[in-house]
Amino acid sequence: MRTMIVKFVRLLVILTIVIGGGWLLYQLVTSAKSYQGFVNGKIIHLRPPIKGQITLENISVGLPLHSGQLLGNIENDRSYELVTEQQKLAQALSTNRKQLEILENRLITRQHRLTKLQNESHQQKDLRIHFENHNVSAVQAELDQAIKDAKRYETLAKKGFAPVQQAEEKVKEVKKLQAKLGVEQSKANAAQAGVQVDGAMNKGYADQRIYEIETELLYQESERERLKAEAETLTSQLATLDESLEKLKNFKLEAPVNGVVWSLGANNHEYVTNETEVVQILDCDHLWIDTYVNEQQVSELDYNKPVEVKLISQPELGAMKGEVILVRTGVGRVEVNEGVALPKENQKSQAMVRVSVAWPKRPDAHQSCYVGSSVETTFAKKPFQWGLPRKTDDTQPFINKKEVATEPKTVVNTEHKPS
């Protein structure tokens with residue numbers, strides 16, 4: 001009985017060793033682990049858009065922040081200049097409105113005068129036409145009578161009952177009246193056209209004044225449009241300045257994202273400029289994993305399969321799923337200088353693999369969102385191909401699928417200026 005138990009235990013131990021060894025061999029063939037890696041994240045640099053003295057809220061390094069949280073106020077040292085500019089714009093707008101009001105009254109007066117002169121011109125034209133037509137009718141009547149008299153005297157002169165000289169005088173009188181009729185008809189036509197022919201053959205006084213006033217009105221209307229455009233510009237500038245004056249006088253520095261205060265670049269009541277990096281904020285919504293493997297492993301890993309990530313300092317999070325977004329070889333061994341890779345001495349050949357992680361819950365801001373924490377990363381290997389040549393595309397460098405490559409640092413810095 002005892003022998004049977006010993007044999008059973010021995011068999012169980014052998015099976016355990018075989019199964020365990022097989023499992024380890026399977027893991028070795030199908031996956032690769034990296035114990036060199038850490039959580040990385042994006043840093044936002046806050047710089048004020050104005051110069052002045054800053055008054056910080058009760059903030060310190062490591063303090064969790066929420067988007068829109070007030071970090072401090074900056075009193076603009078150009079406040080007096082801004083107020084002066086506001087007063088200048090208001091004065092210019094007031095002057096513009098007075099000029100426009102005066103011009104509008106002048107336009108109304110000139111328009112009334114123009115209407116009156118136009119009525120007078122119409123009346124004068126009607127009277128002149130009536131007068132000239134009457135003169136034409138009178139001369140025409142005289143001419144008709146003179147023609148009759150000339151014919152009668154010509155007949156009498158031919159018969160010897162009247163002197164020939166008297167008949168000739170009647171004919172001359174007809175010609176004079178014909179010439180006078182032509183002049184009167186020309187005057188009538190001129191009156192119809194509104195031209196005054198008795199003198200310098202110009203338009204009458206009313207017509208001349210109408211032309212002058214119409215020319216003046218054209219200039220004044222153009223000036224009115226210019227003043228209106230200027231008023232719109234001044235009003236827009238003044239409204240913009242009024243709207244932003246409080247903000248420009250006392251700028252509120254707010255957190256643009258949810259994150260953690262990473263560092264402070266200014267002290268309370270310190271003078272700052274728009275180049276001063278007042279606060280650095282770790283963006284807890286943009287985290288990733290930077291892990292490192294030997295360059296010999298780069299072609300063996302299957303980057304299309306999920307990656308398993310474990311935080312050494314947070315075992316309660318368990319194994320998290322991740323996705324490879326970037327692979328860069330030569331990390332720590334070369335330095336890129338104007339397009340030339342300069343080798344460093346005594347450096348191992350490594351490749352950086354960047355992984356995005358599906359966090360099971362929001363990283364703890366009180367622990368700086370785990371940035372800098374060490375990680376254990378497990379990658380899937382490509383299928384083993386016994387005696388088969390690898391596909392050419394398997395050995396090609398991995399192409400970044402989501403992000404632009406950045407130099408590996410403890411924290412990748414990106415600038416952010418509040419608008």
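All values reported here derive from a predicted model rather than from experimental measurement. (Residues numbered from 1 in each chain as written. Predicted model: local features only at pLDDT ≥ 70, side-chain atom pairs only at ≥ 80, totals over all residues. Heavy atoms only, no water.)

Focus on the overall build of the protein
Next up, step 1: Across its full length, the protein carries four helices and 16 strands.
Next up, step 2: Across the 419 residues of the protein, 34% fall into the buried class.
Next up, step 3: Sequence separation of 24 or more characterises 81% of the internal contacts of the protein that already satisfy a separation of 6 or more. (Helix = DSSP H or I, 4+ residues; strand = E, 2+ residues; numbered from the N terminus. Buried < 20%, exposed > 50% of the residue type's maximum accessible area, 1.4 Å probe, protein only. Contact = heavy atoms within 4.5 Å.)

Some remarks on the packing of aromatic side chains
Next up, step 1: For the structure on display, the rule yields two aromatic pairs.
Next up, step 2: Between phenylalanine 38 and tyrosine 292, the ring centres sit 6.3 Å apart and the planes meet at 40 degrees, which makes this aromatic pair tilted. Here tyrosine 292 lies in strand β9 (residues 279-294) and phenylalanine 38 lies in strand β2 (residues 37-46), a separation of 254 residues in the sequence. Of the two residues examined, phenylalanine 38 and tyrosine 292, each falls in the buried class.
Next up, step 3: Pairing tryptophan 359 with tyrosine 370 gives two aromatic rings, centres 6.0 Å apart and planes at 35 degrees, and the pair type is tilted. Here tyrosine 370 lies in the loop between β14 (350-357) and β15 (375-380) and tryptophan 359 lies in the loop between β14 and β15, a separation of 11 residues in the sequence.
Next up, step 4: Exposure remark for tryptophan 359: the relative accessible area of 19% places this residue in the buried category.
Next up, step 5: Take tyrosine 370: its relative accessible area is 4%, and that puts it in the buried class. (Phe/Tyr/Trp six-rings, centres within 6.5 Å; stacked < 30°, edge-to-face > 60°.)

Some remarks on the state of the cysteines
Next up, step 1: A complete count under the given rule lists one disulfide for this structure.
Next up, step 2: Two residues share a disulfide in this structure: cysteine 284 and cysteine 369, whose sulfurs sit 1.8 Å from each other. The sign of the 90 degrees torsion about the S-S bond sets the cysteine 284-cysteine 369 disulfide as right-handed. Of the two residues, cysteine 284 sits in strand β9 while cysteine 369 sits in the loop between β14 and β15, which places them 85 residues apart along the sequence. (Disulfide = S-S within 2.5 Å.)

Some points on the nonpolar core
As a rule of thumb, soluble globular proteins bury nonpolar side chains together.
Next up, step 1: Counting residues in hydrophobic clusters, the biggest one holds 30 residues, and the most contacted among them are Val39, Val309, Leu311, Val324, Val355, Trp359 and Phe379.
Next up, step 2: Secondary structure elements with two or more residues in this core: β2, β9, β10 (307-311), β11 (320-331), β14 and β15.
Next up, step 3: For this core, the element with the most residues is β9, which contributes five residues.
Next up, step 4: Ignoring sequence-local partners within four residues, the contact set of valine 309 consists of Ile289, Gly318, Ala319, Met320, Val355, Val357, Val375, Glu376 and Thr377.
Next up, step 5: Leu46, Ile54, Ile59 and Leu65 belong to the second-largest nonpolar core, a separate cluster that totals 19 residues. (Core = buried A, V, L, I, M, F, W, Y, C linked by side-chain atoms within 4.5 Å.)

Quick word on the pairing of strand β7 (residues 259-264)
Next up, step 1: Note: strand β4 (residues 64-65) against β7, two bridges, orientation antiparallel. Its bridge partner lying in β7, leucine 65 is registered against glycine 259.
Next up, step 2: Examined bridge by bridge, β7 and β9 share five bridges and lie antiparallel to one another. The residue bridging leucine 264 from the neighbouring strand is valine 279, located in β9. (Pairing = 2+ DSSP bridges.)

These figures come from the coordinates and say nothing about function on their own.
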